[in-house]
Amino acid sequence: MDGTAIKEPSFRESVDLMFNRAAALMDLPPGLEDKIRVCNSTYTVRFGVKLRGKIQTFTGYRSVHSEHTEPVKGGIRYALNVNQDEVEALAALMTYKCALVEAPFGGSKGGLCIDPREYDEDELERITRRFAYELAKRDLIDPAQNVPAPDMGTGEREMAWIADQYARMNTSDINARACVTGKPPHAGGIQGRVEATGRGVQYALREFFRHPEDIAAAGLTGTLEGKRVVVQGLGNVGYHAAKFLSGEDGAKITAIIERDGALHSEDGLDVEAVYSWIQRHGGVQGYADATYIENGPSLLEADCDILIPAALEGVINLTNAQRIKAPLIIEAANGPITAGADDILRQKGTVIIPDMYANAGGVTVSYFEWVKNLSHIRFGRMQRRQEEARHMLIVKELERLSDKLGDAWSLTSTFKEQYLRGADELELVRSGLDDTMRGAYQAMRAVWHGRDDVTDLRTAAYIVAVERVAASYRAKGL
Ligand code: GLU
């Protein structure tokens, strides 16, 4: 290897470097900086499951980064390349993410080294239950101490198994359902959790485009309408973000990058059609209404307005950062830009909406689900009809007045219909998520624009988050 080559840091080192850059601008008491940065503990478990006539051994992790507030929170990832460095980096990001969006949790993350596509549903259930058992018996799954959620390779189905496994082991825990989030609605989940991270990306971009100064900082103009967007990864997050941005905000998805290559069309791709093609064929190759490019990652460098990396960490690194053309990158994945690439992009003037904010929609709605489970009642159940009755009073009164004023003053039927309908759980979840994404963005941008020594949103996000974690430690007297 060339002695002058710059080594790319590991994922955890990357997160630490970014943390350090922000901490250097803060006035933290001696020692507290280290206390916040380090990962409190990482538990490694190796367990056997008898499958296809023989025992197979699996390796899993649950890392707890910070317990300044409990429970700690963070997903469980199923992927072959899961390792300790990665879960520790992801757990640290969870600490900062939760602080930034004011979800009252410390940070944690779990992972199992497995390719879920190699196992059938029954096998996955047995593996998941066994992993959950190992974690639960060490309080690494517990409604009051550690609450997992879905991440790459896991979803509602796995969360339902984990919830059930915990309930079997804790038969008298009335709050058992709150031991994990991202469950299906019929098993204690909440409406809108599956779409939440992608929805959060949309709300983040909407909020960004409400601030002319920020749009100008990225060298862009106007609104989301007509913006050319490149999305990497059409998994749960990328799919929902692309679907909402194109379907509701008029953005054009000009490229979709997947495992087996990329699709490109300057006219804009039909997200739903591409998604269902991938479901049926396992990849993008062969899709008719676009140009197929075998070297998928090369499209990260495509000319576009917004780049959304929504897949793996480290995809924008020292090898390609210089060639990235997008003026605005929103990190829907965790850690898609390495610390070195971040330096290069900042120097180029690229605006980066950082992961700890951009993909926080998932944990935000997880927070709502956890609260719902602890309160044992669905959001809106008490208020909805009462709200409708009060709205009806106003409508009746307006109709009485408009009867006197003539037809030109009568209420339109669409207004009546929309106004009279009380909010259901999904609307309340979206409202809470929108409010959270707006509030967190405003906290970040106040630091970004308010301090001369802060020139990017990531450093601003770290400063806001670390300040909150520090305040919590200080309040405890640590
Ligand atoms: N795995 C998701 C994340 O990285 C969600 C975590 C959660 O809901 O607890 O943010």
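These notes cover the structure that comes with them. (Residues numbered from 1 in each chain as written. Predicted model: local features only at pLDDT ≥ 70, side-chain atom pairs only at ≥ 80, totals over all residues. Heavy atoms only, no water.)

Examining the overall build of the protein chain
The cut-off we apply is this: Numbering of helices and strands runs from the N terminus, with a helix taken as a DSSP run of H or I at least four residues long and a strand as a DSSP run of E at least two residues long. Only the C-alpha atoms count toward the radius of gyration. The rule for a globule is 2.2 Å times the residue count to the power 0.38. Under the scheme applied here, a residue whose accessible area is under 20% of the maximum for its type counts as buried, over 50% as exposed, and between as partly exposed, the area being computed with a 1.4 Å probe on protein chains only. Every residue pair with non-hydrogen atoms within 4.5 Å of one another is taken to be in contact. Neither His nor the chain ends is counted toward charge; the positive residues are Lys and Arg and the negative residues Asp and Glu. Just so you know, the charge point we use is NZ for Lys, CZ for Arg, CG for Asp and CD for Glu.
Of the regular secondary structure elements, the protein chain holds 16 helices and 13 strands. Relative to the compact-globule value of 23 Å for 478 residues, the protein chain shows a C-alpha radius of gyration of 23 Å, a close match. For the protein chain, the C-alpha atoms occupy an extent of roughly 85 × 55 × 55 Å along the three principal directions. Within the protein chain, the fraction of its 478 residues that count as buried is 55%. Taking all contacts inside the protein chain whose residues are at least 6 apart in sequence as the whole, residues at least 24 apart take part in 70%. Computing the positive centroid from 57 side-chain charges and the negative centroid from 68, the protein chain places the two 4 Å apart.

Structural notes on the pattern of salt bridges
Inclusion rule: Salt bridges are defined by distance alone: a side-chain nitrogen of Lys or Arg within 4 Å of a carboxyl oxygen of Asp or Glu.
A complete count under the given rule lists 48 salt bridges for this structure. A salt bridge links Asp 214 to Arg 445, with the shortest nitrogen-to-oxygen separation between them at 2.8 Å. Here Asp 214, found in helix H7 (residues 212–217), pairs with Arg 445, found in helix H15 (residues 425–450); they are 231 residues apart in sequence, far enough to count as distant. You'll find Asp 214 and Arg 445 in the same group, each marked buried. A salt bridge links Arg 458 to Asp 342; the nearest nitrogen and oxygen atoms lie 2.9 Å apart.

Focus on the sheet that holds strand E8 (residues 252–258)
Applied cut-off: A pair of strands is labelled paired if DSSP reports no fewer than 2 bridges between them. Each axis is a line fitted through C-alpha atoms, and for a helix only the stretch in contact is used; angles between axes span 0 to 180 degrees, taken between their N-to-C directions.
In space, the seven strands of this open sheet follow the order E10-E9-E8-E7-E11-E12-E13, with mixed pairing throughout. Pairing within the sheet leaves two strands with one partner each, and these edge strands are strand E10 (291–293) and strand E13 (351–353). Geometrically, the sheet is characterised by an average inter-axis angle of 20° between neighbouring strands, direction not taken into account. Pairing geometry for E8 and strand E9 (residues 261–264), over four bridges, is antiparallel. Opposite Ile 256, over in E9, you have Leu 263 as the bridge partner. Across the face of the sheet, helix H6 (residues 196–208) comes into contact with strand E11 (306–309), strand E12 (328–330) and E13 while running at roughly 145° to E12.

A look at the packing of aromatic side chains
Test applied: Any pair of Phe, Tyr and Trp rings, taking the six-membered ring for Trp, is counted once the centres come within 6.5 Å. Such a pair is stacked with planes under 30 degrees apart, edge-to-face with planes over 60 apart, and tilted for the rest. Two conditions define a charge located above a ring, namely a distance within 6 Å from the ring centre to NZ of Lys or CZ of Arg, and an angle within 35 degrees of the ring normal.
By the definition in use, this model includes 14 aromatic pairs. When the ring of Tyr 96 is compared with that of Tyr 462, the centres are 5.2 Å apart and the planes differ by 55°; the resulting orientation is tilted. One end of the pair, Tyr 96, is in helix H3 (residues 84–100); the other, Tyr 462, is in helix H16 (residues 457–476), with 366 residues separating them in the sequence. Consider the rings of Phe 105 and Tyr 367, whose centres lie 5.8 Å apart with planes at 90°: the pair is edge-to-face. With Phe 105 in the loop between H3 and strand E5 (106–113) and Tyr 367 in helix H12 (residues 361–375), the pair connects residues that are 262 residues apart, well separated along the chain. On the basis of relative accessibility, which here comes to 24%, the residue Tyr 367 falls in the partly exposed class. Taken together, the aromatic side chains of Phe 47, Phe 58, Tyr 119 and Phe 131 make up a single cluster linked through ring pairs. We note Arg 199 situated over the ring of Phe 244; from NZ or CZ to the ring centre the distance is 3.5 Å.

What to know about H6
Worth spelling out the cut-off: One less than the residue count of a helix, multiplied by 1.5 Å, gives the span that helix is expected to have.
Taking 1.5 Å as the rise per residue, H6 with 13 residues should run 18 Å; its terminal C-alpha atoms sit 18 Å apart, in good agreement. Taking burial as the measure, the 13 residues of H6 include 12 buried ones, the bulk of the element. Those residues of H6 that fall on the buried side of the exposure criterion are Ala 196, Thr 197, Gly 198, Arg 199, Gly 200, Val 201, Gln 202, Tyr 203, Ala 204, Leu 205, Glu 207 and Phe 208.

Some points on the environment of Arg 117
Examined against the element boundaries, Arg 117 turns out to sit in the loop between E5 and helix H4 (121–136). Overall, Arg 117 belongs to the exposed group, its relative accessible area being 61%. Expressed as a C-alpha distance, the spacing of Arg 117 and Gly 153, which sit 36 residues apart in the sequence, is 8.9 Å.

Section: the pairing of E5
Summarising burial for E5: seven of the eight residues are buried, a large majority. Where strand E2 (residues 54–66) and E5 come together, six bridges link them in antiparallel fashion. Bridging from a neighbouring strand, Gly 60 pairs with Leu 112 of E5. Of the pairings in the sheet, the one linking strand E4 (residues 76–79) to E5 comprises four bridges and is parallel in character. Residue pairing in the sheet places Ile 76 in a bridge with Gly 110 of E5.

So, the site of the ligand
In plain terms, the rule: When at least one non-hydrogen atom of a residue lies within 4 Å of a molecule or strand, that residue is treated as near it. Polar contact is defined as a pair of N or O atoms within 3.5 Å, subject to the rule that within protein one atom must be able to donate a hydrogen and the other to accept it, and that residues adjacent in sequence are counted only when both atoms are side-chain atoms. The Shrake-Rupley method, run with a 1.4 Å probe sphere, supplies the accessible areas, and residue values consider only the shown protein chains as cover.
The local shell around the ligand holds 14 residues, among which Lys 97, Lys 109, Pro 150, Asp 151 and Ser 366 are the closest. Asp 151 is positioned such that a nitrogen or oxygen atom in its side chain is 2.8 Å from a nitrogen atom of the ligand. Here an oxygen atom of the ligand and a side-chain polar atom of Asn 334 are 3.2 Å apart. Taken by itself the ligand offers 290 Å² of open surface, and the protein chains cover 94% of this. Taken together, the elements giving at least two residues each to the shell around the ligand come down to H3 and H12. The greatest single-element share of the shell around the ligand, amounting to three residues, is contributed by H12.

Structural notes on the nonpolar core
Stated precisely, the cut-off is as follows: As used in this record, nonpolar core signifies buried Ala, Val, Leu, Ile, Met, Phe, Trp, Tyr and Cys residues forming a set joined through side-chain atoms within 4.5 Å.
Counting 94 residues, the largest nonpolar core has Tyr 96, Leu 205, Ile 308, Leu 328 and Tyr 462 as the members making the most contacts within it. Sort the elements by how many residues they give to this core and H16 lands first, with 11 residues. If near-sequence neighbours (up to four positions away) are discounted, Leu 205 is found in contact with Leu 224, Leu 245, Ile 306, Ile 308, Leu 328, Ile 330 and Ile 353. In this structure, Val 64, Tyr 119, Leu 124 and Cys 179 belong to the second largest nonpolar core, which totals 29 residues.

Regarding the environment of Arg 400
You can see Arg 400 is positioned in helix H13 (residues 384–405). Taking the C-alpha atoms as reference points, Arg 400 and Ser 410, separated by 10 residues in sequence, lie 9.5 Å from one another. A distance of 2.7 Å separates polar atoms of two side chains, one belonging to Arg 400 and the other to Glu 397.

Scope: geometric values only; no functional claims are made or implied.
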